[in-house]
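Structure assessment
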Amino acid sequence: MAILGACAAWSLITATARDGRPEGVLLAVLAVAAGHAVGRIFGALLPVAAPCAAALAGAALTVAVPHLAPGSRITAPLGHAGATAALLALSAGAACCGAWASGVPAVRLALRLLAAGVAVTAAVLGSVAGCLACTAVLLCSLAAGRVRGRGAAIAGLGLAAALVTGLTWAVAERIVPDGLAASLEGRLTSHRVRLWGDALELLRQDALLGVGPGRFGDLSATAVQASPPEGRPHSAAWQQAAEQGIVGVALLGAAFGWVLYALWRSPRPTPVALTAGVALTGLAAVAAVGNALSFTAVTVGAGLLAGLATARPLAEEPSARAAGVRPRGDRLTP
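Here is a short report on the structure shown in this document. (Residues numbered from 1 in each chain as written. Predicted model: local features only at pLDDT ≥ 70, side-chain atom pairs only at ≥ 80, totals over all residues. Heavy atoms only, no water.)

Let us now look at helix 6 (residues 128-144). Because an α-helix completes one turn every 3.6 residues, residues spaced three or four positions apart along the sequence face the same direction. Taking 1.5 Å per residue as the helical rise, helix 6 with its 17 residues ought to reach 24 Å, and the 24 Å between its terminal C-alpha atoms agrees with that figure. Among the residues of helix 6, those classed as buried are Gly130, Ala133, Cys134, Val137, Leu138, Ser141 and Ala144. The buried residues of helix 6 all sit within an arc of 130 degrees when viewed along its axis, so they share a single face. Exposed and oriented more than 90 degrees from the buried face of helix 6 are Val128, Leu132 and Leu139. (Helix = DSSP H or I, 4+ residues; strand = E, 2+ residues; numbered from the N terminus. Expected span 1.5 Å × (residues − 1). Buried < 20%, exposed > 50% of the residue type's maximum accessible area, 1.4 Å probe, protein only. Arc of directions from axis to C-beta.)

Attention now goes to the pattern of salt bridges. Any two side chains of opposite charge can pair, so long as their charged atoms come close to each other. For the coordinates displayed, the defined rule picks out 5 salt bridges. In this structure, Arg18 engages Asp206 in a salt bridge whose closest nitrogen and oxygen atoms are separated by 2.0 Å. Of the two residues, Arg18 sits in helix 1 (residues 2-18) while Asp206 sits in the loop between helix 9 (190-205) and helix 10 (216-219), which places them 188 residues apart along the sequence. Arg174 is the partner of Glu185 in a salt bridge, and the nearest nitrogen-oxygen pair spans 3.5 Å. Taken as a pair, Glu185 in helix 8 (residues 178-188) and Arg174 in the loop between helix 7 (151-173) and helix 8 lie far apart in primary sequence, 11 residues in all. (Salt bridge = Lys/Arg side-chain N within 4 Å of Asp/Glu carboxyl O.)

Here we come to the packing of helix 1 against helix 12 (residues 236-264). In contact at an axis separation of 10 Å, helix 1 and helix 12 are set at 165 degrees when each is read in the N-to-C sense. Classified by the interaxial angle, the pair formed by helix 1 and helix 12 is roughly antiparallel. Seen from above, helix 1 lies across helix 12 with left-handed handedness. Between helix 1 and helix 12, the residues in contact are Ile3, Ala6, Cys7, Trp10, Ser11 and Thr14 and Glu243, Gln244, Val247, Gly248, Leu251, Ala254, Ala255 and Trp258, respectively. (Axes fitted to C-alpha atoms, helices over the stretch in contact; angles between N-to-C directions. Parallel < 35°, antiparallel > 145°, perpendicular 65-115°, else oblique. Left-handed = near helix turned anticlockwise from the far one by under 90°. Contact = heavy atoms within 4.5 Å.)

Let's shift gears to the packing of aromatic side chains. If you walk through the whole model with that rule in mind, you get 2 aromatic pairs. The aromatic ring of Trp100 is capped on one face by Arg112, whose charged end is 4.6 Å from the ring centroid. Over the ring of Trp264 we find Arg265, and its NZ or CZ is 5.9 Å from the ring centre. (Phe/Tyr/Trp six-rings, centres within 6.5 Å; stacked < 30°, edge-to-face > 60°. Lys NZ or Arg CZ within 6 Å of the ring centre and 35° of its normal.)

It is worth spelling out unusual backbone geometry at this point. Its identity as a non-glycine residue notwithstanding, Thr189 has a phi of 80 degrees, on the positive side. Here Thr189 is to be found in the loop between helix 8 and helix 9. The class of Thr189 is partly exposed, set by a relative accessible area of 24%. Although it is not a glycine, His234 adopts a positive phi angle of roughly 60 degrees. Relative to the helices and strands, His234 resides in the loop between helix 11 (221-225) and helix 12.

Below you can see the structure in the form of structure tokens.
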């Protein structure tokens, strides 16, 4: 709550100083907080049914809401398509968390088939990134059952997210080798790279406060010339950097770091915590190169999955008993 409160407070400070529009940031903070609270409550009451319902709701929402599904009208590969990939990855993660929370083999199989069905849904919708993300979540979840200690795995997830974000900075700074730069620009589109370059220039103008929330689209030459005009740089990190300065980027990183720390300290079994961590790291990777966090459904889903994976169930979970672990403090240990 302290980190989310700091994010909200800093957006108001920078908006006041730069005549910005903080409503989008405040809505995202509220969505994450609300999703996390709901996840903690229902994760404690219904540790298997709640993740299952969340997975079904996420997949149904992706199919039912046209703006979330990629189609011919989407020219940028990770605009609305990024939201589709992120929401489906979170849905697959929720299904796999529910599978590990259940001690009934048939229920576990059904929930893993649900996760596989979410990956198939992504393929049917034409979301290659979503299909790959869901498949990765499912495979990593299956492998998580063999992991003894979660600390090294959680640290690896944090490192992976940092590397993806760092790569976007390297691309914007034009410090990657020419061959790799051409390959990345071909996949990301030159338009997106130019947006990141504009964000870098805006950051250099005021590294502390940025230009103010919601003002990137007004001050970026590339964004203004786009048809229709762009309001965001297709990167959560670059949007924070341009609009809220280095402090905004640090707060965004702190929020993700807190999620990983909460998963490390979670009383849930290690496979549940690691499965949620993989799904949320996938979201972080997509958000580093797209506008996924600009969609309320995605931010609510992220908070919900984090809440489900860190809730303390009212009854001991079958998977915890089978693994021979017992609670100590707020973690499960041998």
